[in-house]
Amino acid sequence: MSSSFGLDAHLTTYVRNANRAEHPAQLRCRLETDAMGDVAVMQISPEQGAFLQICARLVQARLAVEIGVFTGYSALATMLAMREMHGTEARLYGCDISDDYTGRAHSYWQEAGIDGQVELRIGDARETLGALIGEIAGTVDMVFIDADKTGYDAYYEAALQLLRPGGLVMFDNVLWSGSVADPERCAADADTRALKSLADKIRDDARVDMAFTTIGDGILMAIKRG
(Lines give C-alpha, C1' and ligand atoms only; values in the text may rest on other atoms or scores of the structure.)
Protein backbone atom coordinates (compact mmCIF):
# COMPACT_ATOMS: atom_id res chain seq x y z
CA MET A 1 0.00 0.00 0.00
CA SER A 2 1.19 3.51 -0.73
CA SER A 3 1.65 5.97 2.13
CA SER A 4 1.21 9.71 2.36
CA PHE A 5 4.44 11.44 1.34
CA GLY A 6 6.05 13.34 4.20
CA LEU A 7 4.04 11.73 7.02
CA ASP A 8 5.80 9.53 9.56
CA ALA A 9 4.14 6.42 10.95
CA HIS A 10 2.74 8.28 13.97
CA LEU A 11 1.00 10.96 11.88
CA THR A 12 -0.18 8.41 9.34
CA THR A 13 -1.89 6.46 12.11
CA TYR A 14 -3.47 9.65 13.44
CA VAL A 15 -4.84 10.64 10.02
CA ARG A 16 -6.29 7.20 9.39
CA ASN A 17 -7.94 7.10 12.81
CA ALA A 18 -9.33 10.60 12.24
CA ASN A 19 -11.19 9.36 9.16
CA ARG A 20 -14.24 7.14 9.38
CA ALA A 21 -13.67 3.39 9.44
CA GLU A 22 -13.28 1.59 6.15
CA HIS A 23 -16.05 -0.67 4.89
CA PRO A 24 -15.19 -4.30 5.81
CA ALA A 25 -14.62 -5.09 2.13
CA GLN A 26 -12.17 -2.20 1.86
CA LEU A 27 -10.28 -3.41 4.91
CA ARG A 28 -10.06 -6.95 3.54
CA CYS A 29 -8.91 -5.65 0.16
CA ARG A 30 -6.23 -3.49 1.77
CA LEU A 31 -4.88 -6.20 4.06
CA GLU A 32 -4.87 -8.93 1.43
CA THR A 33 -3.21 -6.61 -1.08
CA ASP A 34 -0.58 -5.64 1.49
CA ALA A 35 0.25 -9.33 1.79
CA MET A 36 1.11 -9.48 -1.93
CA GLY A 37 4.52 -7.90 -1.30
CA ASP A 38 6.23 -5.04 -3.12
CA VAL A 39 3.50 -4.74 -5.75
CA ALA A 40 1.12 -3.58 -3.00
CA VAL A 41 2.59 -0.08 -3.34
CA MET A 42 0.22 0.34 -6.31
CA GLN A 43 -2.76 0.38 -3.93
CA ILE A 44 -3.92 3.75 -2.67
CA SER A 45 -3.95 4.49 1.05
CA PRO A 46 -7.10 4.58 3.24
CA GLU A 47 -6.87 8.36 3.51
CA GLN A 48 -6.81 8.61 -0.28
CA GLY A 49 -9.86 6.38 -0.40
CA ALA A 50 -11.67 8.71 1.99
CA PHE A 51 -10.63 11.63 -0.20
CA LEU A 52 -12.02 9.95 -3.33
CA GLN A 53 -15.31 9.44 -1.55
CA ILE A 54 -15.67 13.07 -0.51
CA CYS A 55 -14.75 14.18 -4.04
CA ALA A 56 -17.43 11.90 -5.46
CA ARG A 57 -19.93 13.50 -3.11
CA LEU A 58 -18.81 17.02 -3.97
CA VAL A 59 -19.51 16.48 -7.69
CA GLN A 60 -22.55 14.26 -6.94
CA ALA A 61 -20.93 11.57 -9.08
CA ARG A 62 -23.27 9.02 -10.61
CA LEU A 63 -20.99 7.87 -13.45
CA ALA A 64 -17.24 7.40 -12.97
CA VAL A 65 -14.29 6.05 -14.92
CA GLU A 66 -11.13 4.66 -13.37
CA ILE A 67 -7.88 4.05 -15.26
CA GLY A 68 -5.73 1.62 -13.29
CA VAL A 69 -7.92 -0.61 -11.13
CA PHE A 70 -5.34 -2.98 -9.57
CA THR A 71 -7.11 -5.00 -6.82
CA GLY A 72 -10.10 -2.70 -6.69
CA TYR A 73 -9.73 -0.57 -3.55
CA SER A 74 -10.15 2.84 -5.20
CA ALA A 75 -13.09 1.68 -7.34
CA LEU A 76 -14.70 0.26 -4.22
CA ALA A 77 -14.26 3.50 -2.32
CA THR A 78 -15.75 5.55 -5.15
CA MET A 79 -18.64 3.18 -5.79
CA LEU A 80 -19.63 2.98 -2.12
CA ALA A 81 -20.10 6.75 -2.06
CA MET A 82 -21.90 6.83 -5.41
CA ARG A 83 -24.22 3.97 -4.47
CA GLU A 84 -25.17 5.71 -1.24
CA MET A 85 -26.13 8.79 -3.24
CA HIS A 86 -27.69 7.21 -6.32
CA GLY A 87 -28.41 3.57 -5.54
CA THR A 88 -28.44 1.18 -8.49
CA GLU A 89 -28.14 4.06 -10.97
CA ALA A 90 -24.48 4.57 -10.02
CA ARG A 91 -21.97 3.01 -12.40
CA LEU A 92 -18.19 2.82 -12.74
CA TYR A 93 -16.13 1.76 -15.74
CA GLY A 94 -12.70 0.41 -14.82
CA CYS A 95 -9.87 0.25 -17.36
CA ASP A 96 -6.91 -2.00 -16.64
CA ILE A 97 -4.45 -4.21 -18.48
CA SER A 98 -4.30 -7.05 -15.93
CA ASP A 99 -6.83 -9.85 -15.58
CA ASP A 100 -4.82 -11.20 -12.66
CA TYR A 101 -4.96 -8.18 -10.38
CA THR A 102 -8.47 -7.10 -11.33
CA GLY A 103 -9.68 -10.67 -10.89
CA ARG A 104 -9.04 -10.25 -7.19
CA ALA A 105 -11.25 -7.17 -7.08
CA HIS A 106 -14.52 -8.97 -7.74
CA SER A 107 -14.70 -10.66 -4.35
CA TYR A 108 -14.34 -7.31 -2.58
CA TRP A 109 -16.93 -5.70 -4.82
CA GLN A 110 -19.28 -8.64 -4.28
CA GLU A 111 -18.87 -8.38 -0.51
CA ALA A 112 -19.80 -4.69 -0.70
CA GLY A 113 -22.75 -5.37 -3.00
CA ILE A 114 -21.50 -3.22 -5.88
CA ASP A 115 -20.02 -5.83 -8.24
CA GLY A 116 -22.88 -5.53 -10.73
CA GLN A 117 -22.34 -1.77 -10.97
CA VAL A 118 -18.67 -1.95 -12.00
CA GLU A 119 -17.78 -2.81 -15.58
CA LEU A 120 -14.17 -3.75 -16.31
CA ARG A 121 -12.58 -3.04 -19.67
CA ILE A 122 -9.38 -5.08 -19.95
CA GLY A 123 -6.75 -4.01 -22.47
CA ASP A 124 -4.62 -1.05 -23.48
CA ALA A 125 -6.33 1.94 -21.87
CA ARG A 126 -5.84 4.07 -24.97
CA GLU A 127 -8.06 1.64 -26.84
CA THR A 128 -10.62 1.04 -24.10
CA LEU A 129 -10.92 4.77 -23.48
CA GLY A 130 -11.46 5.35 -27.18
CA ALA A 131 -14.39 2.95 -27.06
CA LEU A 132 -15.80 4.62 -23.95
CA ILE A 133 -15.61 8.02 -25.62
CA GLY A 134 -17.80 6.61 -28.37
CA GLU A 135 -20.32 5.43 -25.79
CA ILE A 136 -20.45 8.00 -22.97
CA ALA A 137 -18.60 11.16 -24.09
CA GLY A 138 -19.58 14.27 -22.15
CA THR A 139 -21.54 12.43 -19.45
CA VAL A 140 -18.95 11.27 -16.89
CA ASP A 141 -18.87 12.97 -13.49
CA MET A 142 -15.49 11.81 -12.20
CA VAL A 143 -12.33 10.17 -13.55
CA PHE A 144 -9.53 8.74 -11.39
CA ILE A 145 -6.20 7.95 -13.07
CA ASP A 146 -3.60 5.75 -11.38
CA ALA A 147 -1.86 3.85 -14.15
CA ASP A 148 1.32 4.00 -16.26
CA LYS A 149 2.77 7.47 -15.84
CA THR A 150 3.93 7.94 -19.42
CA GLY A 151 0.30 7.45 -20.47
CA TYR A 152 -1.05 10.20 -18.22
CA ASP A 153 -1.13 12.87 -20.92
CA ALA A 154 -3.16 10.67 -23.28
CA TYR A 155 -5.47 9.70 -20.43
CA TYR A 156 -5.97 13.36 -19.55
CA GLU A 157 -7.07 14.20 -23.07
CA ALA A 158 -9.44 11.24 -23.08
CA ALA A 159 -10.82 12.25 -19.68
CA LEU A 160 -11.65 15.73 -20.96
CA GLN A 161 -13.71 14.14 -23.71
CA LEU A 162 -15.49 11.85 -21.28
CA LEU A 163 -16.27 14.45 -18.60
CA ARG A 164 -19.31 16.66 -18.47
CA PRO A 165 -18.71 20.37 -17.77
CA GLY A 166 -17.99 20.56 -14.05
CA GLY A 167 -16.71 16.99 -14.00
CA LEU A 168 -13.56 16.13 -12.06
CA VAL A 169 -10.39 14.30 -13.12
CA MET A 170 -7.74 13.24 -10.58
CA PHE A 171 -4.24 11.85 -11.06
CA ASP A 172 -2.39 9.86 -8.40
CA ASN A 173 1.38 9.84 -7.72
CA VAL A 174 2.09 13.29 -9.14
CA LEU A 175 4.78 13.89 -6.50
CA TRP A 176 6.47 10.59 -7.40
CA SER A 177 8.09 10.52 -3.94
CA GLY A 178 9.49 14.00 -4.57
CA SER A 179 11.33 13.11 -7.79
CA VAL A 180 9.36 15.63 -9.85
CA ALA A 181 11.15 18.48 -8.07
CA ASP A 182 14.57 17.09 -9.05
CA PRO A 183 15.70 18.30 -12.53
CA GLU A 184 18.20 15.46 -12.81
CA ARG A 185 15.54 12.83 -12.17
CA CYS A 186 13.21 14.50 -14.65
CA ALA A 187 15.93 14.38 -17.29
CA ALA A 188 16.88 10.77 -16.58
CA ASP A 189 13.53 9.05 -15.92
CA ALA A 190 10.61 8.92 -18.36
CA ASP A 191 7.94 8.49 -15.66
CA THR A 192 9.21 11.47 -13.65
CA ARG A 193 9.46 13.58 -16.78
CA ALA A 194 5.92 12.66 -17.84
CA LEU A 195 4.49 13.63 -14.46
CA LYS A 196 6.31 16.97 -14.42
CA SER A 197 5.17 17.72 -17.97
CA LEU A 198 1.57 16.88 -17.13
CA ALA A 199 1.58 19.13 -14.06
CA ASP A 200 2.94 22.00 -16.14
CA LYS A 201 0.38 21.37 -18.88
CA ILE A 202 -2.64 21.26 -16.57
CA ARG A 203 -1.45 24.34 -14.65
CA ASP A 204 -1.56 26.32 -17.91
CA ASP A 205 -4.62 24.65 -19.47
CA ALA A 206 -7.51 27.08 -19.93
CA ARG A 207 -9.92 24.18 -20.34
CA VAL A 208 -9.85 23.38 -16.62
CA ASP A 209 -9.59 24.74 -13.09
CA MET A 210 -6.99 22.84 -11.12
CA ALA A 211 -5.19 22.21 -7.84
CA PHE A 212 -2.01 20.27 -7.13
CA THR A 213 -2.38 18.64 -3.71
CA THR A 214 -0.01 16.71 -1.45
CA ILE A 215 -2.50 14.02 -0.42
CA GLY A 216 -0.91 10.58 -0.58
CA ASP A 217 1.93 10.72 -3.11
CA GLY A 218 0.31 13.81 -4.60
CA ILE A 219 -3.10 14.09 -6.28
CA LEU A 220 -3.53 16.52 -9.16
CA MET A 221 -7.14 17.61 -9.59
CA ALA A 222 -8.80 19.38 -12.50
CA ILE A 223 -12.41 20.41 -13.09
CA LYS A 224 -13.57 20.72 -16.68
CA ARG A 225 -14.83 24.18 -17.51
CA GLY A 226 -18.14 24.62 -19.29
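Scroll up for the structure.
A brief look at the structure comes next. Predicted model, so just to flag it, every value in this text is computed and none were measured. (Residues numbered from 1 in each chain as written. Predicted model: local features only at pLDDT ≥ 70, side-chain atom pairs only at ≥ 80, totals over all residues. Heavy atoms only, no water.)

### Structural notes on the overall build of the protein
- A tally of helices and strands in the protein yields 9 helices and 7 strands.
- Taken over the C-alpha trace, the protein has a radius of gyration of 16 Å; the compact-globule value for 226 residues is 17 Å, and the two agree within 12%.
- Dimensions of the protein along its principal axes, counting C-alpha atoms only, are 45 × 45 × 30 Å.
- Counting all 226 residues of the protein, 49% fall into the buried class.
- Partitioning the intrachain contacts of the protein with sequence separation of at least 6 by distance along the chain shows that 73% fall at a separation of at least 24.
- Carbon and sulfur atoms make up 53% of the accessible area of the protein, which totals about 10000 Å².
- The averaged location of the 33 negative side-chain charges in the protein is 5 Å from the averaged location of its 21 positive side-chain charges. (Helix = DSSP H or I, 4+ residues; strand = E, 2+ residues; numbered from the N terminus. Rg over C-alpha atoms; globule rule 2.2 N^0.38 Å. Buried < 20%, exposed > 50% of the residue type's maximum accessible area, 1.4 Å probe, protein only. Contact = heavy atoms within 4.5 Å. Areas by Shrake-Rupley, 256 points an atom, 1.4 Å probe, with all protein chains shown as cover. Lys, Arg positive; Asp, Glu negative; His and termini not counted. Charge placed at Lys NZ, Arg CZ, Asp CG, Glu CD.)

### So, the side chain of Asp-96
- Looking at where Asp-96 falls in the secondary structure, it is placed in strand 2 (residues 91-96).
- Lys-149 is the oppositely charged side chain nearest to the buried, salt-bridge-free Asp-96, at an N-O distance of 11 Å.
- At 2.7 Å, the side chain of Asp-96 forms a polar contact with the backbone nitrogen of Val-69. (Salt bridge = Lys/Arg side-chain N within 4 Å of Asp/Glu carboxyl O. Polar contact = N/O pair within 3.5 Å; in protein donor to acceptor, adjacent residues only side chain to side chain.)

### A closer look at unusual backbone geometry
- One non-glycine residue with positive phi stands out, namely Phe-70, at about 55°.
- Relative to the helices and strands, Phe-70 is located in the loop between strand 1 (63-67) and helix 4 (73-86).
- A relative accessible area of 7% places Phe-70 in the buried class.
- A positive phi angle is found at Ser-177, which is not glycine, with a value near 55°.
- Its place among the elements puts Ser-177 in the loop between strand 5 (163-172) and helix 8 (183-188).
- Under the relative-accessibility criterion, Ser-177 is labelled exposed at 53%.

### Some remarks on the packing of helix 7 (residues 152-162) against helix 9 (residues 190-203)
- Contact pair helix 7 / helix 9: the axes reach a minimum separation of 9 Å and the direction vectors enclose 35°. Here Tyr-152, Asp-153, Tyr-156 and Glu-157 of helix 7 come into contact with helix 9, specifically with Leu-195, Leu-198, Lys-201 and Ile-202.
- Residues of the contact of helix 7 with helix 9, tallied by class, amount to 5 nonpolar, no polar and 3 charged. (Axes fitted to C-alpha atoms, helices over the stretch in contact; angles between N-to-C directions. Nonpolar A, V, L, I, M, F, W, Y, C, P; charged D, E, K, R; others polar.)

### Regarding the packing of aromatic side chains
- For the structure shown, the criterion picks out 3 aromatic pairs.
- Centroid distance Phe-70 to Tyr-101: 5.0 Å. Interplanar angle 75°. Geometry classified as edge-to-face. Remark: Tyr-101 occurs in helix 5 (residues 99-112) and Phe-70 occurs in the loop between strand 1 and helix 4; sequence separation between them is 31 residues.
- Relative accessible area serves as the criterion here: at 24%, Tyr-101 is assigned to the partly exposed category.
- Measuring from ring centre to ring centre gives 5.3 Å for Tyr-152 and Phe-171, while their planes differ by 45°; the resulting arrangement is tilted. Note that Tyr-152 is positioned in helix 7 and Phe-171 in strand 5, a separation of 19 residues in sequence. Like Phe-171, Tyr-152 is buried.
- Joined through ring pairs, the aromatic side chains of Tyr-152, Tyr-156 and Phe-171 make up one cluster.
- Above the face of the Tyr-93 ring, Arg-91 is positioned so that its terminal group lies 5.4 Å from the ring centre. (Phe/Tyr/Trp six-rings, centres within 6.5 Å; stacked < 30°, edge-to-face > 60°. Lys NZ or Arg CZ within 6 Å of the ring centre and 35° of its normal.)

### Structural notes on the environment of Ala-105
- Tracing the chain through its elements places Ala-105 in helix 5.
- Along the primary structure Ala-105 and Leu-76 are separated by 29 residues, whereas in three dimensions their C-alpha atoms are 8.7 Å apart.
- Other than its neighbours up to four places away in sequence, Ala-105 contacts Thr-71 and Gly-72.

### Side note on helix 3 (residues 46-58)
- With 13 residues, helix 3 should cover 18 Å at 1.5 Å per step; its first-to-last C-alpha distance of 19 Å lies within 8% of that length.
- If you check which residues of helix 3 are buried, you get Pro-46, Glu-47, Gln-48, Gly-49, Phe-51, Leu-52, Cys-55 and Ala-56.
- Elements in contact with the buried residues of helix 3: helix 1 (9-18), helix 2 (24-34), helix 4, strand 4 (140-145), strand 5 and strand 7 (219-224). (Expected span 1.5 Å × (residues − 1).)

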